[in-house]
Structure formats: structure tokens, C-alpha cells
Amino acid sequence: MFRLWGSSHHDQEENDMLRPDSKVKELKVEIGSLSGRSVHYCTDACLKRYLEARNWNVDKAKKMLEETLKWRSTYRPEEIRWNEVALEGETGKLFRASFHDRQGRSVLIMRPGFQNTKSIEDQIRHLVYLIENAILNLPEGQEQMAWLIDFTGWSLSTSVPVKSARDTIHILQNHYPERLAIAFLYNPPRIFEAFWKVVKYFLDAKTFQKVKFVYPKNKDSVEVMRSYFDEENLPIEFGGKATLQYDHEEFSKLMVQDEGKSATLWGFDDKVQRVRIGHSGAEVAPEPVNIAPPASLLVCRVFGHHFRELNETRYESHDPGMFR
């Protein structure tokens, strides 16, 4: 009897291991033939993310993926260029860090207190651009990124309405599933916590568990964050030992160089352009680089709502699943 149970248990483990592959194959069949950039986008790893986001339900994953492909064909996130969103990044409110976490994941640093513009559309394009860039710079075999959010200087004046936050959430939850590994909210003010209780209405339980509040005087929360980051790489602003310096001109050069990688990756010609960096008048041209394998901030945008808008929107239906 023990032998029989052991054999059955072993078979179940093997079935669980084979399940992702079989579901991916099934989803491939359901999607059918693809063309253009959709062929490159729909890798096995991509299909797995969509399946995970929909609890391995092939029909729901297919619908979600088809909506993403439609969105990408019109929004064209891979074609956004730094000179189109550079103004949004002048203050360093959102940028890709020069270091990775302990798992080799790309890190996006967000500082909502450094908000510098009013156009919600441009802010979303800036966010999408940097999510795409973070994905572009993930090491081989890594699918997710980490977020570090510093709330120094955050106030209601740097916030956006709930409707705009909801629009941002819609893009992130429906078109970048399973891209978030962990998000650390460092030293948020108490008023932010009250807003967070409202925001989690828009998120599913799995996503909510990925968001961690960290307070400098709370040893447990600090230790959790340090388990993800090397203290030598972690900026002082997040309790580490490194110096955080955002140089907009240097970061702009890096982004323009990465656009060469993106053009090669997506299979379109990206002619060398002379790009004006901010208002400094400096111009740079992207240098040839080797292709690398293939998120300000959602959280920044979500919390500065007006209670009148909240009352109008909080009971509307919303499909959960952001970054599942």
C-alpha cells in the first residue's frame, strides 16, 4: 500500500511539472498563426505569464493575450523614443537603477515626490517606456523586475485623480502580467497608508502580497528588504550604503543606446538620430551595441485621489489581475 501511494504521489508530481508545458502548447494552438512582432512577443515564457495571470485557464489567458496584442499594435510601446518622454524624467522621479537585486532582476526606482509634470498621458508613456526598458535589460531566464519606491517629499500636490490611476492600472494589469516580483514602499507617510487601503480594492490578493511597506525603525521590514538587495548596492535613501545619483544627461545617453538594442530585438530599422537631451542642448547619437535578451509609477499615481472621484468610481466593476 505504501509503495502504491508513493507511486501515485510521484506520478502527481510529474503531472504538476508537465502542466505548464502542456498548457503553453494548448494556448499556442488556440492562438493560431501569428505574424509581425506578435511572433517575437509570444514566446513560451510570455504565454506562461499570461496563463499564470489567469490561473492556467487557457480561454481566459487567450483573451487576455489577444487584448494585449491589439493594444501593442496601436500603442506601439516598443517604438516610444526617449526624446518623446525625456522631459518626464528630468527630475529622476522614475528611472532604471544601475544595479540588480539578489536574483539578477532589473530594478526601477520611483520617487513620487519628484513629480514635475501635469500630463497624465505623457506620464503613462514615460512609465511604459521604462517598463519596456527594464524588461529589455533583464538577464537571460529572468522574467520579473523589482521596484523601489521612496516617498521622501511626497504630498497630495504630486498626486493624480483616481480615474487616471485606474487607467494606469488597466495597462499594467492587463498588458504586463507576472512582471512584478516585489515592490518596496520605503517610509511612506501615514496618510498614504489610508489611501493604500482604498487602492487594494483594485488589486488582487496575489499582487497585494508583493507590495511591502518598509519603515527605517522597523527592523523586520528592513530585514525583508535587505534579503532582496545587497546592502552595498542599496542606496542610502533606502537604508543601504550606496550613493544615489541621478544624472539626467547620462541616463538619457543610456536610454538612447538601449533603443538600438530594442530596434534589433523587435526587428525594425532605427536610424541613428541626434536626440536633444532635455533643455541642455546636448546631443547624442546611439552607439552600436550587442543585443541583450529580453515598472512616475503605478503606486505614485494611485494614491493622490480626490474623495469625490473615489465615491464615483470605487463600486464600478474592475477586472483584477495586475502583474499576477
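- Under an unreviewed UniProt entry, the name given to the protein chain is CRAL-TRIO domain-containing protein, and the organism recorded is Acer negundo.

**Looking at the overall build of the protein chain**
- When you go through the protein chain residue by residue, the secondary structure sums to 13 helices and seven strands.
- Within the span of the protein chain, comprising 324 residues, buried residues form 50% of the whole.
- By element, 50% of the accessible surface of the protein chain is carried by carbon and sulfur atoms, the whole surface being about 16500 Å².

**Some points on the sheet that holds strand E1 (residues 94-96)**
- Judged by pairing direction, the sheet is mixed, and its five strands sit side by side in the order E1-E2-E3-E4-E5 without closing on themselves. Only two strands of the sheet have a single partner each, and these edge strands are E1 and strand E5 (211-214). The mean angle between the axes of side-by-side strands here comes to 20°, regardless of whether they run parallel or antiparallel.
- Packing against the sheet, helix H6 (residues 120-136) makes contact with E1, strand E2 (106-110) and strand E3 (145-150), and its axis sits at approximately 15° to E1.

**With respect to the environment of Tyr-75**
- Among the secondary structure elements, Tyr-75 is positioned in helix H4 (residues 58-75).
- With a relative accessible area of 21%, Tyr-75 lands in the partly exposed category.
- Placed 50 residues apart in sequence, Tyr-75 and Arg-125 show a C-alpha to C-alpha distance of 9.3 Å.
- Those residues within four positions of Tyr-75 in sequence are excluded, and the remaining contacts are Ile-80, Ile-124, Arg-125 and Val-128.

**Brief notes about the environment of Leu-180**
- Note on placement: Leu-180 falls in strand E4 (residues 180-186).
- On the basis of relative accessibility, which here comes to 2%, the residue Leu-180 falls in the buried class.
- Put simply, Leu-180 and Ala-146 are 34 residues apart on the chain and 6.2 Å apart in space, counted from C-alpha to C-alpha.

**Quick word on the nonpolar core**
- Judged by nonpolar contacts, the single largest core of 55 residues is most densely connected at Trp-82, Leu-108, Ile-109, Trp-147, Leu-148, Met-225 and Phe-229.
- Core analysis: the second largest hydrophobic core is formed by 21 residues, Ile-31, Cys-42, Leu-65 and Phe-268 among them.

**Let's talk about the packing of aromatic side chains**
- Per the counting criterion, the structure on display carries eleven aromatic pairs.
- Where Trp-71 meets Tyr-176, the ring centres are 6.0 Å apart and the plane angle is 80°; that geometry is what we call edge-to-face. Pair noted here: Trp-71 is in helix H4 and Tyr-176 is in the loop between helix H7 (162-175) and E4, with a separation of 105 residues, a long-range link. One exposure class covers both Trp-71 and Tyr-176, and it is buried.
- Residues Phe-99 and Phe-229 carry aromatic rings whose centres are separated by 6.4 Å and whose planes lie at 80° to one another, so their mutual orientation is edge-to-face. Note that Phe-99 is positioned in the loop between E1 and E2 and Phe-229 in the loop between helix H10 (219-226) and helix H11 (248-266), a separation of 130 residues in sequence.
- Owing to a relative accessible area of 10%, Phe-99 belongs among the buried residues under this scheme.
- Relative accessible area serves as the criterion here: at 0%, Phe-229 is assigned to the buried category.
- Cluster of aromatic residues (ring-pair linked, three or more members): Trp-82, Phe-95, Tyr-129, Tyr-246 and Phe-251.
- In this structure, Arg-125 is placed above the aromatic ring of Tyr-75, and the distance from its NZ or CZ to the ring centre is 5.9 Å.
- Here the basic side chain of Arg-190 rests over the ring of Tyr-215, its NZ or CZ set 5.5 Å away from the ring centre.

**Quick word on unusual backbone geometry**
- For Asn-55, which is not glycine, the phi dihedral falls at a positive 50°.
- Tracing the sequence through the fold places Asn-55 in the loop between helix H3 (44-53) and H4.
- Look at Asn-55 and you get exposed, because its relative accessible area is 51%.

**A closer look at the packing of H3 against H4**
- Where H3 meets H4, the axes come as close as 8 Å, and the angle between the chain directions of the two elements is 120°. It follows from the interaxial angle that H3 and H4 lie oblique. In this structure, H3 crosses over H4, and the sense of that crossing is right-handed. Contacts between H3 and H4 pair Cys-46, Leu-47, Tyr-50, Leu-51 and Ala-53 from the former with Val-58, Ala-61, Met-64, Leu-65 and Thr-68 from the latter.
- Class assignment of the residues belonging to the contact of H3 with H4 gives a composition of nine nonpolar, one polar and no charged.

**Here's the deal with the pattern of salt bridges**
- Here the structure, examined in full by the defined rule, presents 20 salt bridges.
- One salt bridge in this structure joins Glu-143 and Arg-49, with 2.2 Å as the shortest N-O distance. Residue Glu-143 is located in the loop between H6 and E3, and its partner Arg-49 is located in helix H3; the two are separated by 94 residues in the primary sequence.
- Residue classification places Glu-143 among the partly exposed residues on the basis of a relative accessible area of 24%.
- When the shortest N-O distance is used, the salt bridge between Arg-72 and Glu-132 registers 2.9 Å. Within this pair, whereas Arg-72 is found in helix H4, its partner Glu-132 is found in helix H6, the two being separated by 60 residues in sequence.
- On the basis of relative accessible area, Arg-72 is assigned to the buried category, the value being 7%.
- The exposure class of Glu-132 is buried, given its relative accessible area of 12%.
- One salt-bridge network, held together by shared partners, links Arg-37, Arg-72, Arg-76, Glu-78, Glu-79 and Glu-132.

Criteria and cut-off values
- Residues numbered from 1 in each chain as written.
- Predicted model: local features only at pLDDT ≥ 70, side-chain atom pairs only at ≥ 80, totals over all residues.
- Heavy atoms only, no water.
- Helix = DSSP H or I, 4+ residues; strand = E, 2+ residues; numbered from the N terminus.
- Buried < 20%, exposed > 50% of the residue type's maximum accessible area, 1.4 Å probe, protein only.
- Areas by Shrake-Rupley, 256 points an atom, 1.4 Å probe, with all protein chains shown as cover.
- Pairing = 2+ DSSP bridges.
- Axes fitted to C-alpha atoms, helices over the stretch in contact; angles between N-to-C directions.
- Contact = heavy atoms within 4.5 Å.
- Core = buried A, V, L, I, M, F, W, Y, C linked by side-chain atoms within 4.5 Å.
- Phe/Tyr/Trp six-rings, centres within 6.5 Å; stacked < 30°, edge-to-face > 60°.
- Lys NZ or Arg CZ within 6 Å of the ring centre and 35° of its normal.
- Parallel < 35°, antiparallel > 145°, perpendicular 65-115°, else oblique.
- Left-handed = near helix turned anticlockwise from the far one by under 90°.
- Nonpolar A, V, L, I, M, F, W, Y, C, P; charged D, E, K, R; others polar.
- Salt bridge = Lys/Arg side-chain N within 4 Å of Asp/Glu carboxyl O.

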